[in-house]
Structures are given as structure tokens and as C-alpha cells.
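A closer look at the structure
Here are the chains, one letter per residue:
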Amino acid sequence: MTNSSRQLRFASVLDVIQRLDPSYPVFCVFPDVLRARAKTFVEGFPGTVLYAVKCNPHAFVLRALTEGGVQHFDTASISEIARVTEQLPDAHCYFNHPVKGRGALEAAADVYGIKDYVVDHPDELEKLVSIAGTDITVEVRIATPKGSAVYDLSAKFGATPGLAVELLKRANGHGCRTALAFHVGSQCLDPAAFRVAMEMAKAVADEADVPLEYLDVGGGFPASYKGDVPPLQSYFNAISDAKEKLGIGVPLLGEPGRALVAEGCSVLTQVHLRKGDDLYINDGIYGCLSEIRDGDLDPPVRVLRRDGPVEGPLRPFRLFGPTCDSLDVLKLPFDLPEDIREGDWIEFGLMGAYSIGMQTGFNGFVTDTVVRIDGMHEVFAT
Ligand SMILES: *Cc1c(COP(=O)(O)O)cnc(C)c1O
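Residues numbered from 1 in each chain as written. Predicted model: local features only at pLDDT ≥ 70, side-chain atom pairs only at ≥ 80, totals over all residues. Heavy atoms only, no water.

Quick word on the site of the ligand
Applied cut-off: Nearness is judged by heavy atoms alone; a residue qualifies as near a molecule or strand once a single heavy atom is within 4 Å of it. We call two N or O atoms a polar contact when they sit within 3.5 Å, provided that within protein one can donate a hydrogen and the other can accept it, with sequence-adjacent residues counted only if both atoms are side-chain atoms. Surface exposure here means Shrake-Rupley accessible area, sampled with a 1.4 Å probe, where a residue is shielded only by the protein chains that are shown.
In the vicinity of the ligand lie 13 residues, with K54, S186, E255, R258 and Y354 positioned nearest. S186 is positioned such that a nitrogen or oxygen atom in its side chain is 2.4 Å from an oxygen atom of the ligand. Protein contacts shield 92% of the accessible area of the ligand, which totals 390 Å² for the unbound molecule.

A few points about the nonpolar core
Heads up, the condition is: Nonpolar core, defined: a set of buried Ala, Val, Leu, Ile, Met, Phe, Trp, Tyr and Cys residues in which side-chain atoms within 4.5 Å join the residues together. A simple rule labels every residue: compare its accessible area, found with a 1.4 Å probe on the protein chains alone, to the largest value its type can have, and call it buried under 20%, exposed over 50%, or partly exposed in between. Here the limits of each domain have been adopted from an automatic or database domain assignment. We call two residues contacting when some pair of their heavy atoms lies within 4.5 Å.
Within the largest apolar cluster, 102 residues are counted, with the highest numbers of intra-cluster contacts made by Y51, I346 and F348. Composition of this core by domain shows at least three residues from each of domain 1 (9–28 + 264–373) and domain 2 (31–261). Residues within four places of Y51 in sequence aside, it is in contact with N56, V61, L62, L65, V70, H72, F73, D74, P256, G257, L260 and V261.

Section: the pairing of strand 19 (residues 345–348)
The cut-off we apply is this: Working definition: helices are DSSP H or I runs of at least four residues, strands are E runs of at least two. Numbering for both runs from the N terminus. By the convention used here, strands pair only if DSSP detects at least 2 bridges between them.
Of the two faces of strand 19, both are covered, the one formed by W345 and E347 as well as the one formed by I346 and F348. Inspection of the sheet shows strand 13 (residues 265–275) paired to strand 19 by 4 bridges, in the antiparallel sense. Residue Q270 lies in a different strand from strand 19, and its bridge partner there is W345. Note: strand 15 (residues 301–305) against strand 19, 4 bridges, orientation antiparallel. Bridged to R302 within strand 19 is E347.

Observations concerning the pattern of salt bridges
Using the following cut-off: What makes a salt bridge here is a side-chain nitrogen of Lys or Arg within 4 Å of a carboxyl oxygen of Asp or Glu, nothing more.
A complete count under the given rule lists 23 salt bridges for this structure. One salt bridge in this structure joins R9 and D374, with 2.7 Å as the shortest N-O distance. Taken together, the residues R9 in strand 1 (residues 9–10) and D374 in the segment after strand 20 (369–373) connect sequence positions 365 residues apart. In this structure, K127 engages E124 in a salt bridge whose closest nitrogen and oxygen atoms are separated by 2.8 Å. Pair noted here: K127 and E124 are both in helix 6 (residues 122–132), with a separation of 3 residues, about one helical turn. For E124, a relative accessible area of 6% translates into the label buried. Because the salt bridges share partners, they merge into one network encompassing D32, R35 and E67.

Some words on the domain arrangement of the protein chain
Note the cut-off: Side-chain classes follow a simple rule in which Ala, Val, Leu, Ile, Met, Phe, Trp, Tyr, Cys and Pro form the nonpolar group, Asp, Glu, Lys and Arg form the charged group, and the remainder, Gly included, forms the polar group.
Each assigned domain of the protein chain is listed here: domain 1 (9–28 + 264–373) and domain 2 (31–261). Distance between the C-alpha centres of domain 1 and domain 2: 32 Å. Taken together, the contact pairs 22 residues of domain 1 with 18 residues of domain 2. One salt bridge in this structure joins D298 and K226, with 3.4 Å as the shortest N-O distance. Contributions of two or more residues to the side of domain 1 that touches domain 2 are made by helix 11 (290–294) and strand 20. Ranked by residues supplied to the side of domain 1 that touches domain 2, first place goes to strand 20 with 4 residues. Partitioning the side of domain 1 that touches domain 2 into residue classes produces 12 nonpolar, 5 polar and 5 charged.

Considerations on the packing of helix 6 against helix 7 (residues 161–174)
Rule in force here: Interaxial angles span 0 to 180 degrees and are taken between N-to-C directions of axes, which are lines fitted to C-alpha atoms, for helices over the stretch in contact. If an angle is under 35 degrees, it is roughly parallel; if it is over 145, roughly antiparallel; if it lies from 65 to 115, roughly perpendicular; otherwise it is oblique. Crossing handedness is read from the near helix: turned anticlockwise from the far helix by less than a right angle, it gives a left-handed crossing, and turned clockwise, a right-handed one.
Between helix 6 and helix 7, whose axes approach to 10 Å, the crossing angle comes to 20°. Taken together, the axes of helix 6 and helix 7 lie roughly parallel to each other. With respect to the hand of their crossing, helix 6 and helix 7 are arranged in right-handed fashion. For the pair formed by helix 6 and helix 7, the contact residues are P122, L125, E126 and V129 on the first element and L163, E166, L167, R170, A171 and H174 on the second.

What about the packing of helix 2 (residues 31–44) against helix 3 (residues 59–67)?
Helix-helix packing is described using two parameters, namely the angle between the two axes and the distance between the axes. Closest axis-to-axis distance for the helix 2/helix 3 pair is 7 Å, and the angle between their directions is 45°. In terms of their interaxial angle, helix 2 and helix 3 are classed as oblique. When the axes of helix 2 and helix 3 are compared, the crossing they make is right-handed. Note on element contacts: helix 3 touches helix 2 through V61, A64, L65 and E67, opposite P31, L34, R35 and A38. Here the residues of the contact of helix 2 with helix 3 sort into 6 nonpolar, no polar and 2 charged.

Here's the deal with the environment of E338
By secondary structure assignment, the location of E338 is in the loop between strand 18 (334–337) and strand 19. Residue E338 is classed as partly exposed on the basis of its relative accessible area, which comes to 37%. Along the sequence, E338 and D325 sit 13 residues apart, while their C-alpha atoms lie 26 Å from each other. Residue contacts for E338: discarding those within four places in its chain leaves R274, P313, L314, R315 and F317.

Brief notes about the side chain of T323
Looking at the secondary structure, you find T323 in the loop between strand 17 (314–320) and strand 18. Since its relative accessible area comes to 10%, T323 is described here as buried. A distance of 2.7 Å separates polar atoms of two side chains, one belonging to T323 and the other to D328. Contacts of T323, omitting those with residues within four sequence positions, involve Y286, D328, F362, N363 and F365.

Observations concerning the confidence of the model for the protein chain
Applied cut-off: Confidence scores here are pLDDT values: one per residue, from the predictor, ranging 0 to 100.
Per-chain confidence: the protein chain averages 94 in pLDDT, with 97% of residues scoring 70 or above. Below a pLDDT of 50 lies the segment residues 1–5, which in the model reaches 1 contact outside its immediate sequence neighbourhood of four places, other chains included.

Digging into the packing of aromatic side chains
The condition that has to hold: Stacked, tilted and edge-to-face are the three classes applied to pairs of Phe, Tyr and Trp rings, where Trp contributes its six-membered ring and a pair requires centres within 6.5 Å; stacked means planes under 30 degrees apart, edge-to-face means over 60, and tilted covers the rest. To sit over a ring, a charge needs its Lys NZ or Arg CZ within 6 Å of the ring centre and within 35 degrees of the ring normal.
Following the criterion strictly, the structure yields 13 aromatic pairs and no others. Both rings, one in F95 and one in Y117, keep their centres 6.0 Å apart while their planes meet at 40°; by these two values the pair is tilted. Here the residue F95 occupies a position in strand 5 (residues 92–95), and Y117 occupies one in strand 6 (residues 116–119), the gap between them amounting to 22 residues. Looking at Y117, the relative accessible area reads 0%, which means it is buried. Here the basic side chain of R372 rests over the ring of F60, its NZ or CZ set 3.9 Å away from the ring centre.

Right, here's the structure in full:
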């Protein structure tokens, strides 16, 4: 076998440490975990599953999700559409950003043949129709109440119910197919938020009285960082129950990002200096770990040496990232083994979502070594 055709795989995170001895951060992808997670969604969600590409656009992740049965993708830019289409020519992309540049719409319609577009304003609808024509499905996005999600996405996007009715009628008047969409917010901790949003969508649909192709219930399904997170199945049940009770006869779409991929990747960092209870590591808030600060997320961590995990009494440490900026510090204190020292590795689990795709490259620090690890990776607890 030649080098270029060799598919380098590792047996475990420890295998990565033993073979690479990495003093740079390593992004670890577990394709078996991603495939299993995709299968859980495809089999359990009562409709079509779209993967929200922004969550983690890495080729290894897209590949594993497709192998697990995901064939539809929620894309928000031409770059995402191009990436998915180049890698997966049979994939079906939806252009689900409510605000699109004219050039992007031209490329989406003429080059990539996209047929589904989100709007939340009349001017965007007119722009869309003038460029993409009317042989398209216009998905009207409605704003939903701020519930128990970590990120409220309706603060930025979404029409009021009244405006949504008007948009549906206008799109229908143009001769477009129509659909409804919402997003309850990311890391949504209450399954009932989906029912509340579906009730709103049903009221809008009844009022507009135009044929709908589908109802897209968005993403927001949570990953199990520390704390009580309802099981995925309770979200699927809440959505199926609401569909039945409200008499929603159209097919459902869902756009999970986080819950599909969080478990399937981890970030392996190394301690480069210890000063008392402060540790200086080689990834931080400008790299793959920004969500730990911005979302106040508490991912599982463990400490490794060449011969295995480090056990022993724990104490709280403050973790500084590699850039020269004093803001580059993780907000939470992390409980780590007392005798942690320079050269030890800290693995952050549940890091598949909003991590490698959000890096800035600031100050020359970037996590660009990505490895695949075979087998099911147990999510370790601290
Ligand atoms: C970000 C986003 C998603 C994915 O959200 P998660 O919380 O990661 O599940 C889905 N749909 C849209 C429109 C988004 O912007």
C-alpha cells in the first residue's frame, strides 16, 4: 500500500499519545460513535434528519454521518454547500440561512441546484424569487419563545406569526411550494419547547391555509454535558405526540447539529506549564474550546500519560489557552489530579459540536491535526 492510499487509524486516544507524542493539540474523531448516533437519529426521529453542517463540517464527520444514514444537510453558505456537494455528490442540501447574498443565491440555484430556501422577511422572499425562480420550496421561519435553551436563536431570526402567515401566502401567490421552519435554540433542555413551537407552527399554517410540503422543527437537541439532560427519546416522543395531537399531516424535518456529533469527537491538549493551580495548555477559547466559555458548558475531562489515565485525588485548576491574550482562559475551574504536570495530556470529551469549525487561528495557534480512532469511545466522567 502506498502512503497516499493508507487510511491511518488509531486504536484509542492512548494509541495517539504513544505513537504521535503530540505537543500540538489533536482533534480526535470517533467514526463508529458518529455512525451509531446518526443511526439513532435516523431511526428514532419521526421524520427526515438533516445534519446542520455548521456544527462540525470536517470531512471525517460528514463521511461518518452519511455512513450512519444521514443524507440531507442543513447548509447556510455556499462554502458549506460546496463542501458537502464535493464530498457527497448524492447529498440533498437545503439553504437554510434566512439572509443570503445575491451572488450566493445565484450559485445555489444555478450551480448547485438547491430547491429549498428559508426566509423570514418579505424583502428576502422577493430577492429569492427574483434569482432562484418559483420552482422552489420557500421555508418560512417563525420565531419561537425563548425557552430553556442555552442559545436563543430567535433573538436574531424568525418572523412573528402574523408575518409568517403573510410570507406563506405571498410565496404561494408566486407559485412557490411552501413549508414552515423554526429553531427552539441550541442545547434546549426542555422537550416541551418543541411542542410549544409546533403549536405556533400549526396556528400559522391554519391561518395561512396554503399547502405545506413539510414542517422543519430545527435543531436544539442537547448533548449530555454535566448536569441533567433529558434523553433524546423524550424529544422524539414529544415531537411525535405533538404531531399527532395537533393533527399535523405534513412530513417533519429535523436539523440536529450538536446532539448528532458532540459525543463523536474529543480534543486532546497538552500541559505546557504548571504555575501552582494554573495550567497553560495548547488549545483555548480562540481554538476548539470557545463553547466552554460562551455556552458555560462543562465537558468531561481526563488526564493521560503515556502509560494510561492519571488517577488520584483531584483539585480545581484554572486552564489558560495558548494565545497571548489574557481573555484566553476557560471559565470553569476543572477538577484534575493533584499531581498533574508539564507534558501530561488533558482530553476534553463531548467536543464534536461547535469546536473545530469555530477556530480562529488567532496568534498562530490552530488545531489542525485530526485523527480517526476506531471503536466506541466511552464518555469518561471526571
Ligand atoms: C445551528 C442550527 C442548527 C443546529 O442546531 P443544534 O443546536 O446544534 O442542534 C439547526 N438549524 C439551524 C437553522 C441552525 O442555525
